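Each chain is listed here by its residues.
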Amino acid sequence: MILDLNHDLALPEFSADVCIVGAGAAGLVLAAELIQKNKRVLLLESGGLTLEAAPQILNQCDHIGQPHQGANIGRFRALGGTTTAWGGQILELNAEDFTPRTWIPGSGWPFTKEVLAPYYQRALQSEGLAGATQNDEDLWHQMKIPPPNLGRELTPYFTRWCPEPNFARLYREVLHSPNLCVVLHATATRMHLSQDGTHVRGIECTALSGTQKIFYADQYVLALGTIESVRFLLQPLPGAQTPAWNRSGLLGRHFQSHIDINAARISAVDATRLHPWFANAYRDGYKYHPKFRLTSAAQQQDQILNIAGSITCIN
């Protein structure tokens, strides 16, 4: 069932195994997986059924340090979250993205990409891309053209686009499951902890109308998106104690924005030859976008991180 904290003042009781805060890509996918395991799921969403203007005001925030566009742009509160307004482009991280860079203090992941490999496969299925061609070499073969030779510093690759980018539509059957209760306009404002601070007792939500309610479950998951999850976890606890989840002091630091720049204008000697390499490819109902990125050697030589580009217009 789908309820609304703005209007349904007397919400019916729903005994939940898991409470998920945030009904975007992560929240909906997790809810679907839990329901398949016969779990009862409570899904709390700050926005409404569609992209309404009023809840988006809650995205506004200030930050210190370097400017970060993502703090206020590209975030949407609605059932389906950011998927209601994105294009659906999917891309895995490269293996080298996980490795430490000697020229960047604190870089590197605590595990390699191989750890994520099985989860990437599950993610493709969850995104509706299980039938897409996964290997770039296979895709070039299907297109009956060789990959472009871009020299030693650049390498070509494809991104893949979800056939249905709006996860609220992709998971519409899940939303009507008897084991799922969705509460709209329920903005998480406070986490109620046990007396010793080791367990979550409930999530307090407030609607823009002023209605408040505490929701309970056996377990809780924060799926509000990176920025909003951090904001929620940075709230002060009673007694001004440092929460266990921020003993490192890293919450709210080291965000990274997209680099977006028109770097060059290209005049093709023969556009008919260039176009097949850099135009979107459509195969068996799936969309593939050709791009190019710096090789690992070029990144190390110039002491920069992974960066990519694409050709969007050919004259």
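Notes on the structure in this doc start here. (Residues numbered from 1 in each chain as written. Predicted model: local features only at pLDDT ≥ 70, side-chain atom pairs only at ≥ 80, totals over all residues. Heavy atoms only, no water.)

## Brief notes about the pairing of strand β8 (residues 200–206)
Each regular strand shows side chains that alternate between the opposite faces of the sheet.
And step 1. With five of seven residues buried, β8 lies mostly within the body of the structure.
And step 2. Across six bridges, the pairing between strand β7 (residues 187–193) and β8 is antiparallel. Bridge pairing in β8 links alanine 188 to cysteine 205.
And step 3. Turn length for the β7-β8 hairpin, with the two strands adjacent in sequence and antiparallel, is six residues, and the turn residue glycine 197 shows positive phi of about 75°.
And step 4. In this structure, β8 lies alongside strand β9 (residues 212–215), joined through four bridges in antiparallel fashion. Counted as the bridge partner of isoleucine 203 is phenylalanine 215 from β9.
And step 5. Connecting β8 to the antiparallel partner β9 that follows it, the hairpin turn spans five residues, and glycine 210 within it adopts a positive phi of roughly 105°. (Buried < 20%, exposed > 50% of the residue type's maximum accessible area, 1.4 Å probe, protein only. Helix = DSSP H or I, 4+ residues; strand = E, 2+ residues; numbered from the N terminus. Pairing = 2+ DSSP bridges.)

## As for the environment of threonine 312
And step 1. By the secondary structure assignment, threonine 312 is in the segment after β13 (308–309).
And step 2. Classification of threonine 312 as exposed rests on a relative accessible area of 71%.
And step 3. With 22 residues separating them in the primary sequence, threonine 312 and proline 290 have C-alpha atoms 9.9 Å apart.

## Overview of a nonpolar patch on the surface
And step 1. A surface patch of nonpolar side chains, about 330 Å² in accessible area, is lined by Leu93, Trp109, Phe111 and Val115.
And step 2. Its location among the elements puts phenylalanine 111 in the loop between β4 (89–90) and α3 (117–126).
And step 3. According to the relative accessible area criterion, phenylalanine 111 is partly exposed, its value standing at 30%. (Patch = residues over 30% accessible without salt bridge, like charges linked within 9 Å, V, L, I, M, F, W, Y side chains within 5 Å. Areas by Shrake-Rupley, 256 points an atom, 1.4 Å probe, with all protein chains shown as cover. Salt bridge = Lys/Arg side-chain N within 4 Å of Asp/Glu carboxyl O.)

## Description of the packing of aromatic side chains
And step 1. Under the defined criterion, the tally for this structure stands at seven aromatic pairs.
And step 2. With a centroid separation of 4.6 Å and an interplanar angle of 55°, the aromatic rings of phenylalanine 98 and tryptophan 109 are classed as tilted. Within this pair, whereas phenylalanine 98 is found in the loop between β4 and α3, its partner tryptophan 109 is found in the loop between β4 and α3, the two being separated by eleven residues in sequence.
And step 3. Residue classification places phenylalanine 98 among the buried residues on the basis of a relative accessible area of 3%. (Phe/Tyr/Trp six-rings, centres within 6.5 Å; stacked < 30°, edge-to-face > 60°.)

Don't take any of this as a statement about function, it's just geometry.
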